[in-house]
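One-letter residues, chain by chain:
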Amino acid sequence: VGEADSLPRSGRFGVQSFRSLRTDPGRQCPCIGCGGRVQLGFVIDQRVCIGCHACTVACKAENDVPVGDFRTWVKYSEGGAFPDVSRSFLVERCNHCENAPCVSICPVDALWKRADGIVDFSTDQCIGCRACQAACPYDAIYMDDDAGGTVAKCNFCSHRIDQGLQPACVVV
């Protein structure tokens, strides 16, 4: 409620919202109090999520995420009593924290904060110690055994952002 109410209905899941908030990495932010740097992030109106998992499937396909692992996922909760029941959905992923504990705890700098605010990772640098996994308050980091036992997480589809495209989960 609040900010999402002012978004046009077609932009509530992020497509138009993402376009209107897009900015060049490192560009100065016009607001006061944010430190002057742009921080990309997801704006998701959870009230319109129907739990279809299209975002999860798009992410898995785009990033070749192994079976059983997820970079984004949908949780659900049910409430009420028959016949007045309801189901709510919550899309979750890495929140690209401003002061990401996974970045500061990594002993080999395999995770870092980009100029645009994306917390990215390198499977080449990761030694598989799992310190970042333990430090993440959102349980958003998983061990990718297919990549040689290194960690992986949502990286905002940084390869797509660098090409001027939206993250895979946004375009579905």
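Let me begin by describing the structure that accompanies this report. (Residues numbered from 1 in each chain as written. Predicted model: local features only at pLDDT ≥ 70, side-chain atom pairs only at ≥ 80, totals over all residues. Heavy atoms only, no water.)

Remarks on the overall build of the protein chain
Regarding its fold elements, the protein chain presents five helices and six strands. Listing the helices and strands of the protein chain from first to last along the sequence gives α-α-β-β-α-β-β-α-β-β-α. Of all 172 residues assigned to the protein chain, the portion counted as buried reaches 40%. Within the protein chain, contacts between residues at least 6 apart in sequence are counted, and of these 50% link residues at least 24 apart. (Helix = DSSP H or I, 4+ residues; strand = E, 2+ residues; numbered from the N terminus. Buried < 20%, exposed > 50% of the residue type's maximum accessible area, 1.4 Å probe, protein only. Contact = heavy atoms within 4.5 Å.)

Some points on the pairing of strand β2 (residues 84-93)
Note: strand β1 (residues 72-81) against β2, 10 bridges, orientation antiparallel. For Glu78, the partnering residue across the bridge sits in β2 and is Arg87. Taken together, β1 and the strand that follows it, β2, pair antiparallel across an intervening segment of two residues. (Pairing = 2+ DSSP bridges.)

Quick word on the environment of Lys153
For Lys153, the position within the fold is in the loop between β6 (150-152) and α5 (158-161). Taking C-alpha positions, Lys153 is 6.5 Å from Tyr142, a pair spaced 11 residues apart along the chain. The residues touching Lys153, leaving out its near neighbours within four places in the chain, are Arg71, Cys94, His96, Leu111, Val119, Phe121, Ala140, Ile141 and Tyr142. Side-chain polar atoms of Lys153 contact the backbone oxygen of Val119, separated by 2.7 Å. (Polar contact = N/O pair within 3.5 Å; in protein donor to acceptor, adjacent residues only side chain to side chain.)

Digging into the nonpolar core
Counting 20 residues, the largest nonpolar core has Cys102, Leu111, Val119, Cys132, Ala140, Ile141 and Val151 as its most contacted members. Contributions of two or more residues to this core are made by β4 (119-121), β5 (142-144) and β6. Leave out the neighbours within four places in its chain, and Ile141 touches Cys102, Cys132, Gln133, Cys136, Val151, Ala152 and Lys153. In terms of nonpolar packing, the next biggest core, distinct from the first, is built from eight residues, Cys49, Cys55, Val74 and Val170 among them. (Core = buried A, V, L, I, M, F, W, Y, C linked by side-chain atoms within 4.5 Å.)

Considering helix α2 (residues 54-63)
The set of residues buried in α2 consists of Cys55, Thr56, Ala58, Cys59 and Asn63. Buried residues of α2, viewed axially, fall in a sector of 165 degrees; they line one side. Across α2 from its buried face, at more than 90 degrees, point the exposed residues Val57 and Ala61. Buried residues along α2 sit in contact with β1, β2 and α5. Downstream of α2 by a residue or two, Asp64 has a phi angle that is positive, lying close to 50 degrees. (Arc of directions from axis to C-beta.)

Things to note about unusual backbone geometry
Pro83 follows Phe82 through a cis peptide bond whose omega is 10 degrees. With a phi close to 45 degrees, His96 is a non-glycine residue in the positive phi region. Within the fold, His96 resides in the loop between β2 and α3 (101-105). Since its relative accessible area comes to 3%, His96 is described here as buried.

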